[in-house]
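Structural overview for review
What follows is each chain in one-letter form.
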Amino acid sequence: MKASQLPLFTLKEDPREAQVDSHRLLLRAGYIRRQASGFYTFLPFGYLVYRKIEQIVREEMDAHGAVEVHLPVLTPAELWRESGRWDIMGEEMMRLKDRHGHEFALGPTHEEAMTALAREFLQSYKQLPINLYQIGTKYRDEIRPRYGLIRCREFVMKDAYSFHLTEESLHETYELMRRAYRRIFERCGLETIAVEADTGNMGGSASEEFIVASSIGEETLLLCPNTDCGFRANQEKTTFVPLIPYEVGQREERAKIPTPNQKTVEEVAAFLKKDRRSFMKAVVYETEDEIILCFIPGDREISETKVKNLSSGKSLRLASEEAIWALCGAPPGYVGPVGLRFGDRESMVISPNDQKKKIAKVLFDENLRGRHGLISGANEGGYHYVGLSYGRDFHFDKGYDLVEAQEHDLCPRCRTSKLKATRGIEVGHIFKLGRKYSEAMGLRVLDEKGLPVVPTMGCYGIGLGRTMQTIVEQNHDERGIVWPESVSPFRYYLISLAKNSEEEQKVLSLYQMLQKRGVSCYFDDRQERAGVKFHDADLTGFPYQIIAGRSFFEKGELEIKVRKTGEKKMALPEEIY
RNA sequence: CGGGAUGUAGCGCAGCGGUAGCGCACCUGCUUUGGGAGCAGGGGGUCGUUGGUUCAAAUCCAAUCAUCCCGACCA
């Protein structure tokens, strides 16, 4: 392709909107352009790269036994109501009505739609297992779109859904997909780390994320440096194990201490000159039908993800001040385990200002078990208790893991090494979904005995646009992008330094000869000075540059420059492939 | 949704009460031609939108929309 047909859209100056290198370079080198916050146009080069990635994904999915289909972007509300997610998905899901008033979602994911498709044609166990995938546009109304293609509101995802009679069969496909993903990212020139992940509101048992280590990543991973152990997980998923176990402490008298205007653990600890480790921190959440009071060690932060997994799964948020008053009879900051009007054990129904009656739950972190001398709110404004004892002032049967694990905590697997933290971009995710959707949507097949069974499911996603930008994030220098050959729009960037029409004709012949031989080459035939072409060639980042200059016109020799290393060598036209 | 910032030519920005500017890009001509050329000439903006203050508003005030950054984490 020639520049006169397929123009460059390069910019001389950095666009103001871009904050990170990969985003800046994709804009500047003319690969993408923003249309609205979180919505991007793919320009010619960008679309070429995108399609190369798509093709890699397609080839590997096909090679690993999956079948491609294509579903509508709009999914009817009824499907989401069947699974119960119409209400759960919240504002992240974009919705609209047609002229008849029928409700639709712009699909953020397609579990429901694919399960609905499967139940239409799956009747017998003989049809299983089957793995259906599509490459299609998704919509998520992100709170805050960021970093170009990394987090946007319209994006292309490859999503696959597999259906199985047995756990073993699901496991086989899960492993197959794991292998396919390794191949896909490898072919894209990305080094991924596979980590255990939280299953989120998707439901299901096992789940693994494919992460590319990067400082702009929005995921935090915790890794065990002990190679024999090899533990790697998403921070959200990591079980908290303190490096130094919490001391049991001495049993002592309970005392109520005035702590006026001291609300946070930090404030009260400073005020009483006590260590934060001896505090029992209370955090209150509510959902549509629950109020959840959590107690955790005072020196740590709570993991909202972990609490969410222990709740009804609906929209979890910090409780309102009214709800805290209704629950504890005290303002925020003074909540504690003693004197809760419903006791300190299990659940009962209360009625906060929020119209509805809600179930009250109390969750204790396991690290509070059996401890004495703890400090917590007195459930009375302006007072805290010191000297709280397990068994006397609070107790619990089941303790939970509620604390967010951090770097330098103990590895929960080998329990010998300190965890290390890394930031990363999630480019792929594989799940064992289980029967959540097949069950809810009435998917059944007959087994060998002719009895109906509900198939179990797996689900496997890759963000294509995000993958594309991640490749740039990992492959660039101060001059521009350095594409891996597998996804570069073209293999060669041909720069003509012709000074007259005779020389121009020579370069054009060269280009036509390369075309004829099927060499992937972009010909910059613009009437520009050499420097401009060199800069654009480096910026757009194809793996090799062919420079037709003096040596070509005099001796027929071309200069080949390797973009990545800057290394140059001479070659004859026939030697270029 | 809370806090901060910014909207002026295609892009990057200055101007902050008195005729709308600069650099790059674009068009024409001449010279130049191996790392973002020089000279000369030229085209292009209802200053995000709406309302207000004023003799006079890009400039002051208000509202609104859009974009970017930080937060939405925890009493």
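Residues numbered from 1 in each chain as written. Chains lettered and ligands numbered in written order. Predicted model: local features only at pLDDT ≥ 70, side-chain atom pairs only at ≥ 80, totals over all residues. Heavy atoms only, no water.

Counting its regular elements, chain A contains 14 helices and 31 strands. With the C-alpha coordinates of chain A rotated into their principal frame, the extents come out at 100 × 65 × 55 Å. Expressed as a percentage of its 577 residues, the buried residues of chain A come to 53%. Within the structure as shown, chain A displays about 26600 Å² of accessible surface, and the carbon and sulfur contribution to it stands at 48%. When the 82 positive and 86 negative side-chain charges of chain A are each reduced to one mean point, those points stand 1 Å apart. (Helix = DSSP H or I, 4+ residues; strand = E, 2+ residues; numbered from the N terminus. Buried < 20%, exposed > 50% of the residue type's maximum accessible area, 1.4 Å probe, protein only. Areas by Shrake-Rupley, 256 points an atom, 1.4 Å probe, with all protein chains shown as cover. Lys, Arg positive; Asp, Glu negative; His and termini not counted. Charge placed at Lys NZ, Arg CZ, Asp CG, Glu CD.)

The next thing to look at is the nonpolar core. Generally speaking, a soluble globular protein has its nonpolar side chains buried in company with each other. Ranked by size, the top nonpolar core spans 62 residues in total, and within it Leu26, Tyr31, Tyr181, Trp483 and Tyr522 carry the most contacts. Not counting residues up to four positions away in its chain, the partners in contact with Leu26 are Tyr31, Ile32, Leu149, Met468, Gln469, Val472, Ile481 and Trp483. In terms of nonpolar packing, the next biggest core, distinct from the first, is built from 24 residues, Ala319, Val335, Leu388 and Phe396 among them. (Core = buried A, V, L, I, M, F, W, Y, C linked by side-chain atoms within 4.5 Å. Contact = heavy atoms within 4.5 Å.)

With that out of the way, let us pick up the protein's contact with RNA strand B. Around RNA strand B, the surrounding shell holds 44 residues, and the nearest of these are Ile143, Arg144, Lys263, Lys281 and Asp538. Taking all atoms of RNA strand B within 4 Å of the protein, the share assigned to sugar and phosphate is 50%. Within the side chain of Gln19, one N or O atom sits 3.3 Å away from a sugar or linking oxygen of RNA strand B. Arg28 places a polar side-chain atom, nitrogen or oxygen, 2.9 Å from a base oxygen of RNA strand B. Contributing elements (two or more residues each) for the surface near RNA strand B: β14 (280–286), α13 (530–540) and β30 (558–562). At seven residues, the largest contribution of residues to the surface near RNA strand B is made by α13. Across the surface near RNA strand B, the residue classes break down as 15 nonpolar, seven polar and 22 charged. (Near = heavy atom within 4 Å. Polar contact = N/O pair within 3.5 Å; in protein donor to acceptor, adjacent residues only side chain to side chain. Nonpolar A, V, L, I, M, F, W, Y, C, P; charged D, E, K, R; others polar.)

Taken as a whole, this structure holds 38 salt bridges when the rule is applied. A cluster of three or more residues bridged by salt bridges with shared partners is formed by Asp14, Asp21, Arg24 and Arg28. (Salt bridge = Lys/Arg side-chain N within 4 Å of Asp/Glu carboxyl O.)

Further remarks concern the pairing of strand β7 (residues 130–139). Among the ten residues of β7, eight are classified as buried, and the element is accordingly described as predominantly covered. As judged from the two bridges shared by strand β3 (residues 67–68) and β7, these two strands associate in the parallel manner. The residue bridging Glu68 from the neighbouring strand is Tyr133, located in β7. (Pairing = 2+ DSSP bridges.)

In sheet architecture, strand pairing relies on hydrogen bonds along the backbone and comes in two forms, parallel and antiparallel. Across the sheet, five strands lie side by side as β28-β27-β29-β30-β31; this open sheet has mixed pairing. Of all the strands in the sheet, the pair left with one neighbour each is β28 (521–524) and β31 (568–571). Neighbour-to-neighbour, the strand axes of the sheet open up by a mean angle of 25°, direction not taken into account. Two elements, strand β29 (residues 544–548) and β30, share four bridges in a ladder whose sense is antiparallel. Its bridge partner lying in β30, Tyr544 is registered against Val562. (Axes fitted to C-alpha atoms, helices over the stretch in contact; angles between N-to-C directions.)

Turning next to α13. Listed in full, the buried residues belonging to α13 are Lys533, Asp536, Ala537, Asp538, Leu539 and Thr540. In the segment just after α13, Gly541 is the residue with positive phi, at about 80°.

Quick look at unusual backbone geometry now. The amide bond that connects Leu128 to the next residue, Pro129, takes the cis arrangement and shows omega of -5°. Tracing the chain through its elements places Pro129 in the loop between α5 (111–121) and β7. Positive phi, normally seen in glycine, also occurs at His408, with a value near 80°. Positive phi, close to 55°, is recorded for Arg415, a residue that is not glycine. For Arg415, the location among the structural elements is in the loop between β20 (383–388) and β21 (420–434).

To continue, consider the sheet that holds strand β5 (residues 94–97). An order of β4-β6-β5 is seen for the three strands of this open sheet, with the pairing classed as antiparallel. In this open sheet, the two strands that pair with only one neighbour each are β4 (74–76) and β5. When the angles between neighbouring strand axes are averaged without regard to direction, this sheet yields 35°. Sheet topology note: the β4/strand β6 (residues 103–106) ladder contains three bridges and is antiparallel. Pairing of Thr75 across the sheet is with Ala105, part of β6.

With respect to burial, strand β24 (residues 456–463) is a largely interior element, eight of its eight residues being buried. Neither face of β24 is left uncovered, since the one carrying Thr456, Gly458, Tyr460 and Ile462 and the one carrying Met457, Cys459, Gly461 and Gly463 both have all their residues buried. In the sheet, strand β8 (residues 154–164) pairs with β24 via eight bridges, with the strands oriented antiparallel. Within β24, the residue paired with Lys158 across the bridge is Ile462. Taken together, the six bridges between β21 and β24 define a ladder with antiparallel strand orientation. Bridge pairing in β24 links Ile430 to Tyr460.

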